[in-house]
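Topology and contacts: notes
Each chain, letter by letter, is given below.
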Amino acid sequence: MTKIIKINPYDIDEESLMEAADVIKHGGLCAFPTETVYGLGANAYDMEAVQKIFKAKGRPQDNPLIVHISRAEDVYPIVKRVPEKAHPLMERFWGGPLTLIMERSGKVPPVVSAGLCTVAVRLVAHPVANALIRLAGVPVAAPSANISGRPSPTIARHVIEDLNGRVDCIIDGGSCMYGIESTVLDLSVDPPVLLRPGAITSEEIEEAIGRISLKAGDGAPKSPGMKYTHYSPKATVFAVEIDRANKVSKLSGKRVGILSYGVSKDEICGDIVLSAGKNIREYAACLFYNLREFDSLGADVIYAVLPPSGGMGDAVRNRVIKAAGGKFL
Ligand code: TXA
Ligand code: MG
């Protein structure tokens with residue numbers, strides 16, 4: 001049985017949240033809202049609890065998890081050392097949507113990092129996530145709270161759709177502000193490598209620490225998660241550059257969905273048109289929500305208009321292109 005606990009992020013009832021913290025303390029699984037997307041958490045120091053996360057999500061064993069903390073100083077027991085370049089980033093962007101990869105300490109069981117000698121750490125800003133971790137008294141390993149391959153959940157209903165009956169508790173704390181997952185930066189190498197773009201942009205990171213490498217080197221993917229199917233609704237997705245949006249046409253026998261951005265309504269033609277938002281923040285905040293919405297509206301095909309690159313546009317383009325499995329119109 002999955003217990004659903006409703007928590008108002010603006011007026012946290014610590015007694016109710018303690019119930020969820022107890023689940024984590026006792027080796028159970030609890031889904032919770034963060035400022036990016038919902039996470040599925042377990043005690044990062046408890047190997048068996050962490051293994052349950054992989055099982056509940058159907059997550060491949062070689063895809064490492066992010067360890068979430070509630071205070072900056074809690075990073076020290078998790079990593080072997082904090083590299084110099086981490087400090088300005090921690091000061092500017094923690095708590096928030098930035099995950100830093102450093103060398104893993106012996107305290108963190110290898111299963112958290114899928115056997116890698118590094119570990120990903122993020123200090124969360126969301127008041128519910130932050131209080132939950134503080135009350136649990138342990139760092140919390142958590143991937144996004146979706147079945148592997150599905151769009152990340154940004155509201156509790158989507159977590160319930162995917163994980164009801166598979167986890168001990170789900171905290172309903174409303175919708176997530178950013179709507180896409182954190183930026184992931186590998187600080188175990190120099191120059192640091194951006195493994196996943198997010199709301200903290202490469203431009204902002206470079207302003208804080210100088211040059212970073214924007215693409216993971218060749219060979220085995222450094223961020224194993226990036227090689228799997230991602231963010232897939234049931235419909236088939238195609239990415240569309242803005243200047244080709246007028247090429248989308250109706251298809252006989254199929255319901256065509258369009259995620260529209262930066263184009264006027266009369267330029268596009270489809271059966272279901274959802275607006276991606278007025279600006280890139282709105283696009284990000286509602287992207288995964290919209291992908292799931294197309295499913296409930298019965299779309300067979302989704303054409304998603306891409307935002308321009310640069311800034312947060314990079315992160316949104318990355319998610320849309322992954323949802324499309326690299327297919328373009
Ligand atoms: O915003 C977020 O990051 C959300 C919330 C819940 O914090 N979490 C999230 O987790 O998106 P997940 O598991 O869906 O994505 C984590 C990404 C994966 O691509 C994984 O491969 C990468 O981070 N990652 C984690 N640890 C790593 C490591 N030690 N080395 C390289 N990549 C790592
Ligand atoms: Mg995920």
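Located above this text is the structure these notes cover.
These notes cover the structure that comes with them. Quick caveat: nothing in here was measured; it's all calculated off a predicted structure.

About the thresholds
Residues numbered from 1 in each chain as written. Chains lettered and ligands numbered in written order. Predicted model: local features only at pLDDT ≥ 70, side-chain atom pairs only at ≥ 80, totals over all residues. Heavy atoms only, no water. Buried < 20%, exposed > 50% of the residue type's maximum accessible area, 1.4 Å probe, protein only. Helix = DSSP H or I, 4+ residues; strand = E, 2+ residues; numbered from the N terminus. Arc of directions from axis to C-beta. Contact = heavy atoms within 4.5 Å. Near = heavy atom within 4 Å. Polar contact = N/O pair within 3.5 Å; in protein donor to acceptor, adjacent residues only side chain to side chain. Areas by Shrake-Rupley, 256 points an atom, 1.4 Å probe, with all protein chains shown as cover. Nonpolar A, V, L, I, M, F, W, Y, C, P; charged D, E, K, R; others polar. Core = buried A, V, L, I, M, F, W, Y, C linked by side-chain atoms within 4.5 Å. Salt bridge = Lys/Arg side-chain N within 4 Å of Asp/Glu carboxyl O. Axes fitted to C-alpha atoms, helices over the stretch in contact; angles between N-to-C directions. Parallel < 35°, antiparallel > 145°, perpendicular 65-115°, else oblique. Left-handed = near helix turned anticlockwise from the far one by under 90°.

The set of residues buried in helix α5 (residues 156-163) consists of Ala 156, His 158, Val 159, Asp 162 and Leu 163. Viewed end-on, α5 has its buried residues packed into an arc of 160°, placing them on one side of the element. On the buried face of α5, the contacting elements are β2 (30-32), β3 (39-43), α2 (47-57), β8 (169-172) and α7 (280-296). Where α5 ends, the next residue or the one after it, Gly 165, has phi of about 85°, a positive value.

All right, on to the site of ligand 1 then. Close to ligand 1 lie 26 residues; Thr 36, Arg 59, Asn 63, His 68 and Ser 182 are nearest. Taking Asn 63, its side chain carries an N or O atom lying 2.8 Å from an oxygen atom of ligand 1. Between ligand 1 and the protein, one listed contact pairs an oxygen atom with a side-chain N or O atom of Ser 144 at 3.0 Å. In isolation ligand 1 offers 680 Å² of accessible surface; the protein chains occlude 97% of this area. Listing elements by their share of the shell around ligand 1, those giving two or more residues are β4 (66-69), β6 (118-123) and β10 (193-196). The element contributing the most residues to the shell around ligand 1 is β6, with 4 residues. Looking at the shell around ligand 1, its residues break down into 12 nonpolar, 9 polar and 5 charged.

We now examine the nonpolar core. Within the largest apolar cluster, 48 residues are counted, with the highest numbers of intra-cluster contacts made by Leu 89, Trp 94, Leu 100 and Leu 185. Of all the secondary-structure elements, those providing two or more residues to this core are β3, α2, β4, α3 (86-93), β5 (98-103), β6, α5 and α6 (202-209). Broken down by element, this core gets its largest block of residues, 5 residues, from α2. Filtering out sequence-adjacent residues up to four positions away, Trp 94 remains in contact with Ile 69, Val 75, Leu 89, Leu 100, Met 102, Val 121, Arg 122 and Leu 123. Counting residues in hydrophobic clusters, the runner-up holds 39 residues, among them Val 240, Val 248, Val 256 and Ala 315.

Turning our attention to the pattern of salt bridges. By the definition in use, this model includes 19 salt bridges. As a salt-bridge pair, Glu 161 and Arg 150 come within 4.0 Å of each other at their nearest N and O atoms. Placement of the pair is Glu 161 in helix α5 and Arg 150 in the loop between β7 (140-142) and α5, with a sequence separation of 11 residues. Note that Lys 278 is salt-bridged to Glu 282, the shortest N-O span being 3.2 Å. For Lys 278, a relative accessible area of 72% puts it in the exposed group. Counted as one network, the salt bridges with shared partners bring together Arg 150, Arg 157, Glu 161, Asp 162, Arg 292 and Asp 295.

Right, let's talk about the packing of α3 against α6 for a bit. Between α3 and α6, the least distance of the axes is 9 Å, while the angle of their chain directions is 125°. Taken together, the axes of α3 and α6 lie oblique to each other. Crossing angle aside, the handedness with which α3 passes α6 is right-handed. Contact residues: Pro 88, Leu 89, Arg 92 and Phe 93 in α3; Glu 204, Ile 205, Glu 207, Ala 208 and Ile 209 in α6. When grouped by side-chain class, the residues that make up the contact of α3 with α6 number 6 nonpolar, no polar and 3 charged.

Function cannot be read off these values alone, since they describe shape.
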